[in-house]
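# Structural overview for review
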Amino acid sequence: MSGGKGLIIGTVFGMLIIAVMNNLLNLFGVPPFLREAFKGLIVVLAVLLQKKEKTS
């Protein structure tokens, strides 16, 4: 949490991924708790991928 760089396009792309995923899970009848868990998993994976890019 020491700061970092972000781009507007990355934020928009991430928002679209979360929105589409949320809509698909809703259409498939996934319970709200699992929808939130999937969103959390996506966020954690995005942070881990970004951290891996910085170390490489």
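Presented here is an overview of the structure given in this document. (Residues numbered from 1 in each chain as written. Predicted model: local features only at pLDDT ≥ 70, side-chain atom pairs only at ≥ 80, totals over all residues. Heavy atoms only, no water.)

## Examining the overall build of the protein chain
Counting its secondary structure elements, the protein chain contains two helices and zero strands. Looking at the 56 residues of the protein chain, the share that counts as buried comes to 9%. In the structure as shown, the protein chain presents an accessible area of about 5,100 Å², 74% of it carried by carbon and sulfur atoms. (Helix = DSSP H or I, 4+ residues; strand = E, 2+ residues; numbered from the N terminus. Buried < 20%, exposed > 50% of the residue type's maximum accessible area, 1.4 Å probe, protein only. Areas by Shrake-Rupley, 256 points an atom, 1.4 Å probe, with all protein chains shown as cover.)

## A few points about the pattern of salt bridges
Taken as a whole, this structure holds one salt bridge when the rule is applied. The residue Lys39 makes a salt bridge to Glu36 at a minimum N-O spacing of 3.1 Å. Note that Lys39 and Glu36 are positioned in helix 2 (residues 32-55) at a spacing of three residues, about one turn of the helix. (Salt bridge = Lys/Arg side-chain N within 4 Å of Asp/Glu carboxyl O.)

## Structural notes on a nonpolar patch on the surface
On the surface, Phe33, Leu34, Phe38, Leu41, Val44, Leu45 and Leu48 cluster together to form a nonpolar patch covering roughly 680 Å² of accessible area. Secondary-structure assignment places Phe38 in helix 2. (Patch = residues over 30% accessible without salt bridge, like charges linked within 9 Å, V, L, I, M, F, W, Y side chains within 5 Å.)

## So, helix 1 (residues 8-27)
Spanning 20 residues, helix 1 covers 29 Å between terminal C-alpha atoms, matching the ideal 28 Å at 1.5 Å per step. In the segment just after helix 1, Gly29 is the residue with positive phi, at about 80°. (Expected span 1.5 Å × (residues − 1).)

## Let's talk about the side chain of Lys39
Overall, the relative accessible area of 18% leaves Lys39 in the buried class. Sequence-distant contacts of Lys39, that is, excluding residues within four places in its chain, are made with Ile18, Met21 and Asn22. (Contact = heavy atoms within 4.5 Å.)

## Digging into the environment of Ile18
Inspection of the secondary structure assignment puts Ile18 in helix 1. Taking the C-alpha atoms as reference points, Ile18 and Phe38, 20 residues apart in sequence, are found 9.2 Å from one another. Apart from residues no more than four positions distant in its own chain, Ile18 is found in contact with Lys39 and Ile42.

## Overview of the side chain of Arg35
You can see Arg35 is positioned in helix 2. Within the structure, Arg35 has its side chain in polar contact with the backbone oxygen of Val30 (distance 3.3 Å). Non-local contacts of Arg35, meaning those with residues more than four positions away in its chain, are made with Asn22, Leu25, Asn26 and Val30. (Polar contact = N/O pair within 3.5 Å; in protein donor to acceptor, adjacent residues only side chain to side chain.)

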